[in-house]
Amino acid sequence: MSIIAIDGPVGSGKSTVARKLAKKAGFAYLDTGAMYRAIGWKAYITKINLTNEELDRLCAGTQLDMDLENEHLKVMIDGKDVSAEIRTPEMSRMASVVSAVASVRIHLVRMQREVGQSWAKRYGGVVIEGRDIGTVVFPDTPFKFYLDADIKERGKRRWQELQNKGINVSLDETISEVIKRDEKDQGREIDPLKKADDAMLVDTTGLSIEEVVDMILTKIRSTQ
Ligand code: DC
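To start, this report covers the structure provided alongside it. The structure displayed is predicted, hence computed values, not measured ones.

## Re the site of the ligand
The immediate surroundings of the ligand are formed by 15 residues, with R37, R105, R131, D132 and R188 found nearest. Between an oxygen atom of the ligand and a side-chain N or O atom of R131, the distance comes to 2.9 Å. At a separation of 2.9 Å, an oxygen atom of the ligand approaches a polar side-chain atom of R188. Notes on the ligand: free accessible area 450 Å², of which the protein chains cover 96%. If you list the elements that add at least two residues to the shell around the ligand, you get α2 (32–46), α4 (89–98) and α8 (171–187). The greatest single-element share of the shell around the ligand, amounting to 4 residues, is contributed by α2. Taken together, the residues of the shell around the ligand sort by class into 2 nonpolar, 5 polar and 8 charged.

Below, the structure written as structure tokens:
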């Protein structure tokens, strides 16, 4: 039963790589960023104050479900499918804000451990992507990867992703949003984005998805 942790900043390629890797290995896939986005979405819709207490209540009273359908992650909040709504630039900002709040992390880290363990048992393995998977959520797993890339390339990937969804923003605007979000994710007090000491660093600049997936699979097989 393998738990594969994939961490990294925005546009490092971790979502696409994690999804393809899970498919190739026959493992489940868990996108923890989607969970922070879903809580951010509910906080936005219900217009609560973004305090530790109010977010604690919100998390405790929320039913969050995730399902993988044909390689697409379906995210349901209190029975409503929010998969598309959580992907806007506004929800990226909301996710980054709520993810810095202690009560939110306590709820979601607990859920990620439960879901991760249960899916790993059911499927023989799970690929989990986020910011703190190798450092906080599953620090004991021997399979840890930290993906990174040149800022220009990361900004371009994020911009392309938004374009594909019909969201019209400029490349420069996207690059400065990416820089801002990274600073926030790396600079927060609780569980900041950082490479675990024992994680393998993969610079994905100029590499294809397949090359990165194969590099990671080779490393996993040599570790087993
Ligand atoms: O991976 P993403 O862009 O969907 O993540 C959205 C935000 O959630 C990101 O700005 C940081 C936060 N996040 C986190 O703090 N910890 C995780 N394990 C995953 C995401």
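## So, the sheet that holds strand β8 (residues 200–203)
Spatially, the 5 strands line up as an open sheet ordered β2-β6-β1-β7-β8, and their pairing is parallel. Taken across any chain shown, the strands that pair with only one partner, and hence form the sheet edges, are β2 (28–31) and β8. Between one strand axis and the next, the sheet turns by 20 degrees as a mean value, whatever way the strands run. Here strand β1 (residues 2–7) runs beside strand β7 (residues 143–148); their pairing, made up of 4 bridges, is parallel. Residue pairing for β7: A5 is matched across the bridge by K144.

## Overview of unusual backbone geometry
The phi angle at D78 is positive, at roughly 45 degrees, despite the residue not being glycine. Mapped onto the fold, D78 is located in the loop between β4 (72–77) and β5 (80–81). You will see that D191, though not glycine, has its phi angle at about 45 degrees, which is positive. Secondary-structure assignment places D191 in the loop between α8 and β8.

Cut-offs and rules
- Residues numbered from 1 in each chain as written.
- Predicted model: local features only at pLDDT ≥ 70, side-chain atom pairs only at ≥ 80, totals over all residues.
- Heavy atoms only, no water.
- Near = heavy atom within 4 Å.
- Polar contact = N/O pair within 3.5 Å; in protein donor to acceptor, adjacent residues only side chain to side chain.
- Areas by Shrake-Rupley, 256 points an atom, 1.4 Å probe, with all protein chains shown as cover.
- Helix = DSSP H or I, 4+ residues; strand = E, 2+ residues; numbered from the N terminus.
- Nonpolar A, V, L, I, M, F, W, Y, C, P; charged D, E, K, R; others polar.
- Pairing = 2+ DSSP bridges.
- Axes fitted to C-alpha atoms, helices over the stretch in contact; angles between N-to-C directions.

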